[in-house]
Amino acid sequence: MGRHIYVHNPFCVRKCPYCGFFSVTDRSLADKYYEAAIAEARFWADFDKGYKSSEISGPDTVYFGGGTPSCVPEDLICGLLEEITGSFGIGKDAEITLEVNPASFTLEKGRAYINSGFNRLSMGIQSLDDEILKTLGRLHDSKGALKALDNAFEAGFTNISADFITGVPGQSVEVVLKDLQTVIDKGVRHISTYSLMIEEDTPFYDRYSETIEDLVSPEAEREMYHEVRRFLNEKGIVPYEISNAALPGFESSHNSSYWDGCDYYAIGAGAHGFLNSVRFGHYEDIDSYISSALNINRDQVDSLLGSEEKKMEQIEGFIYFEERLTKNDRMREYPFLKLRTTKGIDKAEFKERFGKDFEDVYGEELRSNVEKGYLKSEGQMVSLTKTGLDFANLVMEDFL
Ligand code: SF4
């Protein structure tokens, strides 16, 4: 199933009013932060050697997310990637993605990123309509977004994903489809579309929590969702997950690893990882991350990820234990993760992983959701129907 690496850059130029992710706008600690992240990367690379047989090659994917990785100097990003690829022994075929924001991405940065080994970009375009971009409080306008895309291609990237937000007050489906067509025409081969979520403790919560359903009715939001999927499919950008679509062969291996229940390292404040069946998280605190990452204690980490008896709840200020999954827990989680994907649940894979027949374990849940029209069962595969996509959370919870 492979191993993967996620790196969290917690810095942004300005906080978007809808954003609930961990990020800060004070970038004065960026140098120190990346020094600490390099120390953490070295630590996990050393851990990786003992954790898996040295005969197995290094992790298959690396993903730098955020926050806005492109808003810190490129030498920090590139220096960390070079440390990771060198110390983990990452192969040439690995997918190495960087999230970038059109407002802080330049041709020079693009060239530096590609020279250091990044081979995939995920660009937060969100919309190409200037009014919608204003509503979202983004720093770029449509012209800036298109210029950033041109720069990315000119720098040499051929595998570029564009993120869009749908269900924004004032947004029409026609405009969204026009935006998608524009980036497809430019050569974008992967598109992620996320419905606007009104998160607590954000300016959007104060602005919209009472009114969002009047401004964008749930029916209109769902209609836009299905229209976007239909449109992308028609253009050959095939939906392969609830929010993601790609030209076949350009699906994100990194994202797919989450739905496949793979192991992944997490580097950086706020990053979450999954190793040795243990889910863990880094505290969302940059100061304590810096001081702890520079002094990681191998024994403490071994205890955190080790046997149940030796389990510690946390390494103060650095990482904390979330849960340890038993084989049974992993079996319960399997349908939950797989139903996000268009391919869905593979009964043969289920049997191979857990030694049980899917229908013996989940016969009732399967039958009732097929009857409701939420799931379809075709041969070995079980997946959400078009109606089921609108009730995905309910269906997935049924299997937990
Ligand atoms: S750029 Fe991204 S991470 Fe930063 S505040 Fe905006 S949405 Fe959040």
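Remember, it's a predicted structure, so these values are computed and weren't measured experimentally.

What counts and how
- Residues numbered from 1 in each chain as written.
- Predicted model: local features only at pLDDT ≥ 70, side-chain atom pairs only at ≥ 80, totals over all residues.
- Heavy atoms only, no water.
- Helix = DSSP H or I, 4+ residues; strand = E, 2+ residues; numbered from the N terminus.
- Buried < 20%, exposed > 50% of the residue type's maximum accessible area, 1.4 Å probe, protein only.
- Contact = heavy atoms within 4.5 Å.
- Areas by Shrake-Rupley, 256 points an atom, 1.4 Å probe, with all protein chains shown as cover.
- Lys, Arg positive; Asp, Glu negative; His and termini not counted.
- Charge placed at Lys NZ, Arg CZ, Asp CG, Glu CD.
- Core = buried A, V, L, I, M, F, W, Y, C linked by side-chain atoms within 4.5 Å.
- Polar contact = N/O pair within 3.5 Å; in protein donor to acceptor, adjacent residues only side chain to side chain.
- Pairing = 2+ DSSP bridges.
- Right-handed = clockwise from strand over helix to strand, strands pointing away.
- Near = heavy atom within 4 Å.
- Nonpolar A, V, L, I, M, F, W, Y, C, P; charged D, E, K, R; others polar.
- Salt bridge = Lys/Arg side-chain N within 4 Å of Asp/Glu carboxyl O.
- Axes fitted to C-alpha atoms, helices over the stretch in contact; angles between N-to-C directions.
- Domains from an automatic or database assignment.
- Buried area = accessible area lost by both parts, 1.4 Å probe.
- Parallel < 35°, antiparallel > 145°, perpendicular 65-115°, else oblique.
- Left-handed = near helix turned anticlockwise from the far one by under 90°.

1. Comments concerning the overall build of the protein chain
Secondary structure summary: the protein chain contains 17 helices and 16 strands in total. Across its three principal axes, the protein chain shows a C-alpha extent of roughly 55 × 55 × 40 Å. A total of 400 residues make up the protein chain; the buried ones form 53% of that total. A separation of at least 24 residues holds for 70% of the contacts in the protein chain among residues at least 6 apart in sequence. Put simply, the protein chain shows about 17800 Å² of open surface, and 48% of that area lies on carbon and sulfur atoms. For the protein chain, the distance from the average site of its 43 positive side-chain charges to the average site of its 68 negative ones is 4 Å.

2. A short note on the nonpolar core
Among the nonpolar cores identified, the biggest contains 82 residues, and Trp44, Phe64, Ile84 and Tyr289 are the most heavily contacted of them. The dominant element in this core, judged by the number of residues it contributes, is helix H1 (residues 30-51), at 10 residues. What Phe64 contacts, discounting residues up to four positions off in sequence, is Val7, Pro69, Ile77, Leu80, Leu81, Ile84, Thr97, Leu98, Glu99 and Phe118. Listed in part, the 21 residues of the second largest apolar core include Tyr225, Leu375, Val382 and Ala392.

3. Details of helix H11 (residues 286-293)
In terms of burial, H11 is largely enclosed, as six of its eight residues are buried. For H11, the set of buried residues is Ile286, Ser288, Tyr289, Ile290, Ser292 and Ala293. The backbone nitrogen of Asp287 lies 3.1 Å from a side-chain oxygen of the residue at the head of H11, namely Asp285.

4. Regarding the pairing of strand S3 (residues 95-100)
Counting buried positions along S3 gives five out of six residues, so the element sits mostly inside the fold. As paired strands, strand S2 (residues 61-66) and S3 are joined by four bridges and run parallel to one another. Of the residues in S3, the one forming a bridge with Val62 is Ile96. Since S2 and S3 lie parallel, the crossover through helix H2 (residues 74-88) that links them has a hand, and here it is right-handed. Across four bridges, the pairing between S3 and strand S4 (residues 120-126) is parallel. Residue pairing in the sheet places Val100 in a bridge with Met123 of S4.

5. Digging into the site of the ligand
Neighbouring the ligand are the residues Cys12, Arg14, Lys15, Cys16, Tyr18, Cys19, Ser23, Gly67, Thr68, Asn101 and Arg138. Grouping the amino acids of the shell around the ligand by side-chain chemistry returns four nonpolar, four polar and three charged.

6. Some points on the pattern of salt bridges
One pass over the full model with this rule turns up 20 salt bridges. One salt bridge in this structure joins Arg367 and Glu364, with 3.5 Å as the shortest N-O distance. Placement of both Arg367 and Glu364 in helix H15 (residues 358-371) is noted, with a separation of three residues, approximately one turn of the helix. We classify Arg367 as partly exposed; its relative accessible area is 48%. Taken together, the shared-partner salt bridges connect Asp260, Lys338, Glu349 and Arg353 into one network.

7. Remarks on the sheet that holds strand S16 (residues 381-384)
Overall, antiparallel pairing links the three strands, which are arranged S14-S16-S15 in an open sheet. Sheet topology places strand S14 (345-346) and strand S15 (375-378) at the edges, where each strand pairs with a single neighbour. Where S15 lies against S16, four bridges are found, and the strand directions are antiparallel. Along S16, the bridge assignment pairs Lys376 with Ser383. Of the strands in this sheet, S14, S15 and S16 touch H15, which is tilted by about 130° from S15.

8. With respect to the domain arrangement of the protein chain
In terms of domains, the protein chain is made up of domain 1 (3-258) and domain 2 (327-399). Taken together, the contact pairs 10 residues of domain 1 with 10 residues of domain 2. On the domain 1 side of the interface with domain 2, the three residues burying the most area are His226, Glu241 and Ile242, jointly 54% of the side's total. If you look at where domain 1 meets domain 2, you find two salt bridges. With its nearest N and O atoms 2.8 Å apart, the salt bridge here joins Arg222 to Asp390. Inspection of the region where domain 1 meets domain 2 yields seven residue pairs in polar contact (both at pLDDT 80 or more).

9. Observations regarding the side chain of Asn255
Here Asn255 shows up in helix H10 (residues 253-259). The exposure class of Asn255 is buried, given its relative accessible area of 16%. For Asn255, the contacting residues outside a window of four places in its chain are Tyr63 and Asn244.

10. Some points on the pairing of S16
It is a general feature of regular strands that their side chains alternate between the two faces of the sheet. Looking at chain direction, S14 and S16 are connected through two bridges and run antiparallel. Across the sheet, Asp346 pairs through a bridge with Met381, a residue of S16. As consecutive antiparallel partners, S15 and S16 are separated by two residues, and within that stretch Gly379 has a phi angle of approximately 60°, a positive value.

11. Some words on the environment of Cys19
With respect to the helices and strands, Cys19 occurs in the loop between strand S1 (3-9) and H1. For Cys19, a relative accessible area of 16% gives the class buried.

12. Observations regarding the packing of helix H13 (residues 327-338) against H15
The interhelical angle for the contact between H13 and H15, taken along N-to-C directions, is 55°, at an axis separation of 12 Å. Judged by the inter-axis angle, H13 sits oblique to H15. For the pair H13 and H15, the sense of crossing is right-handed. Contacts between H13 and H15 involve Met331, Arg332 and Pro335 from the former and Phe358, Val361 and Tyr362 from the latter.

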